[in-house]
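What follows is each chain in one-letter form.
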Amino acid sequence: MAFPSWSPAPPDARPSEDALSVVFWSALNSLGENARSAATAFRAGATGLRECPLIDGAGEPITLCSVPTLDPLLEGAARLDALAQATLADLLGRAAPTLSATRVKLFLLLDEGATVPTISGRSVAEELALRARDFVQNHLGSRVGIEIDATGAAGIGSILERVEKELAAVEYECALVLGVHSDYSIARVAELDAAERIHSSENLDALLLGEGAAALVLVTPVRARSLGLAPVLTVGHAATTQDRARIDNDESAFEAAGLTVAVRRVVEPISALGERVGWMSSDINFEMFRNYELQATIVRTQSRLGPPQLLDTPCHRLGTLGAATGLWQMAYAAELFLRGDPPSHRCLCLQGSDDGTRSAFVISAA
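In this numbering scheme, every chain counts its residues from 1 along its sequence in written order. Where local features are concerned, this predicted model is filtered to residues with pLDDT of at least 70; where side-chain atom pairs are given and counted, the filter is 80 or more; whole-chain, interface and lining totals use all residues. Side-chain measures here rest on the full set of heavy atoms in the structure, leaving out hydrogens and waters.

**Here we look at the overall build of the protein chain**
Under the scheme used here, helices are H or I runs from DSSP no shorter than 4 residues and strands are E runs no shorter than 2 residues, and both carry numbers assigned from the N terminus. Assigned secondary structure in the protein chain consists of 10 helices and 13 strands. Relative to the 2.2 N^0.38 estimate, which gives 21 Å for 366 residues, the radius of gyration of the protein chain is 19 Å and therefore close to what a compact globule would have. Seen through its C-alpha atoms, the protein chain measures out along the principal axes to roughly 60 × 50 × 35 Å. The burial tally for the protein chain puts 56% of its 366 residues in the buried class. Taking the contacts inside the protein chain whose residues are at least 6 apart along the sequence as the reference set, 78% of them involve residues at least 24 apart. Each charge class in the protein chain can be summarised by its mean position, and for the 30 positive and 45 negative side chains these summaries are 8 Å apart. Both definitions apply: the radius of gyration is a C-alpha atom measure, and the globule rule equals 2.2 Å times residues to the power 0.38. Each residue is assigned to one of three classes by its accessible area relative to the maximum for its type, calculated with a 1.4 Å probe on protein chains only: buried under 20%, partly exposed between the two thresholds, exposed over 50%. Note on contacts: a residue pair qualifies if any of its non-hydrogen atoms lie within 4.5 Å across the two residues. In this charge count, Lys and Arg are treated as positive and Asp and Glu as negative; neither His nor the chain ends contribute. All charge positions are set by atom: Lys at NZ, Arg at CZ, Asp at CG, Glu at CD.

**What to know about the packing of aromatic side chains**
Pairing of aromatic side chains requires ring centres within 6.5 Å, counting the rings of Phe and Tyr and the six-membered ring of Trp. Pairs whose planes differ by under 30 degrees are stacked, by over 60 edge-to-face, and all others tilted. By the definition in use, this model includes seven aromatic pairs. Centre to centre, the rings of Phe-42 and Trp-328 are 6.0 Å apart; their planes meet at 80°, and the pair counts as edge-to-face. Taken together, the residues span a long stretch of sequence, with Phe-42 in helix α1 (residues 35–43) and Trp-328 in helix α10 (residues 325–338) at a distance of 286 residues. Residues Phe-42 and Trp-328 agree in their burial class; the two are buried. Plain terms: the ring middles of Trp-328 and Tyr-332 are 5.5 Å apart, the flat faces sit at 20° to each other, and that makes the pair stacked. In this pair, Trp-328 and Tyr-332 are both assigned in helix α10, four residues apart and thus about one turn of the helix distant. Residue classification places Trp-328 among the buried positions, given a relative accessible area of 3%. The class for Tyr-332 is buried, based on a relative accessible area of 5%.

**Structural notes on the confidence of the model for the protein chain**
Residue-level confidence of the predictor is what pLDDT reports, using numbers from 0 through 100. Confidence in the prediction for the protein chain averages 94 pLDDT; 95% of positions are at 70 or higher. Below pLDDT 50 for its whole length, residues 1–15 participates in 23 contacts with residues either more than four positions away or in separate chains.

**Observations regarding the pattern of salt bridges**
Every case where a carboxyl oxygen of Asp or Glu lies within 4 Å of a side-chain nitrogen of Lys or Arg is listed as a salt bridge. Counting across every chain of the model gives 23 salt bridges. Here Glu-147 ties to Lys-105 by a salt bridge, and the two come within 2.9 Å at their closest N and O atoms. With Glu-147 in strand β5 (residues 145–149) and Lys-105 in strand β4 (residues 104–109), the pair connects residues that are 42 residues apart, well separated along the chain. For Lys-105, a relative accessible area of 14% puts it in the buried group. A salt bridge links Asp-134 to Arg-133; the shortest N-O distance between them is 3.9 Å. Its relative accessible area of 23% is what places Arg-133 among the partly exposed residues.

**Regarding the pairing of strand β2 (residues 51–55)**
In short, DSSP must find at least two bridges between two strands for them to pair. Inspection of the sheet shows β2 paired to strand β3 (residues 61–65) by two bridges, in the antiparallel sense. Directly across from Glu-51, in β3, lies its bridge partner Thr-63. Turn length for the β2-β3 hairpin, with the two strands adjacent in sequence and antiparallel, is five residues, and the turn residue Gly-59 shows positive phi of about 80°.

**So, the pairing of β3**
Here two bridges tie β3 to strand β7 (residues 209–219), and the two strands are oriented parallel to one another. What sits directly across from Leu-64, in β7, is Leu-209.

**Focus on helix α2 (residues 77–99)**
The span one expects for a helix is its residue count, reduced by one, times 1.5 Å. With 23 residues, α2 should reach 33 Å at 1.5 Å per residue; the first-to-last C-alpha distance of 28 Å falls well below that figure. Of all the bends in α2, the greatest reaches close to 55° and is centred on Gly-93; the proline Pro-97 follows between one and four positions later. Bend is computed residue by residue as the angle between axes fitted to the seven residues ending at the residue and the seven residues starting at it.

So, in structure tokens, the structure goes:
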């Protein structure tokens, strides 16, 4: 697909010094074992659909966008751990020399239900957090703080808000944010199958299953300069809201009040400059109520959108990415900005969790 020629944002449109800068990033999903290969394949139009060894209630194999380099016998928490470790290894392979000389806090983003205690007494979230923290500390040679957010895809919004405040207060110098999701789980497939939420040729209004992980390092622009780093991506202020329509109720998705408000909040500074956002990325899957919600939001905010009017829907080709969605959106954009070939110099990123929480933020070329 050919896009209009790209040029950096004009100086007066650049984010302020309190915006967040992305200096390192990594991603792993069904299209690639690192951000560069996954982004290249996604930009080329590739899809990660493949048959999965797991079966549904009828004994039929399901379609799941799985990571082919992982052991096919790994499932559930063990698979989440493998995704997390591989992504952190890739990121820290480049970032460790810089981060080892700074104070770091690790944020772990997971899906809803990850904090429910298991028979061991600890939840999946606690087990993953301990292993991720130990992995990071062993690579950096210093202690790191850790915080867990198990609220699904929209959790990235509140995390970005918190990171922005805590970095401004110099509670730490670098935030390492890791998001992990996998539907490659016997229990997860059984749950979704019982709710008739697995996409197939007989069930189109459902979720295309997937898995993936993504991570990035956030710093303030001032800190980036002091570390001698050149940020590729800048993240604007995030907004988190609530929509009434959920998969378990009959509220009208066309109301889309929460998502509309979130979009207006994050694009208002850009609109005030007389500019528009030409690139949007949404985590919508194939469940129609989320598509209706997005349609309503685009119509209501059309005055704030502009050419080339490109909409990316990564979960249509990578499967559900859950808590890793927002981080993948940033990692993908960073790869395009790094190589000078994005559709536009800004991207509006949208995410939604099953409980109706919606989040939005705008990322820009630094």
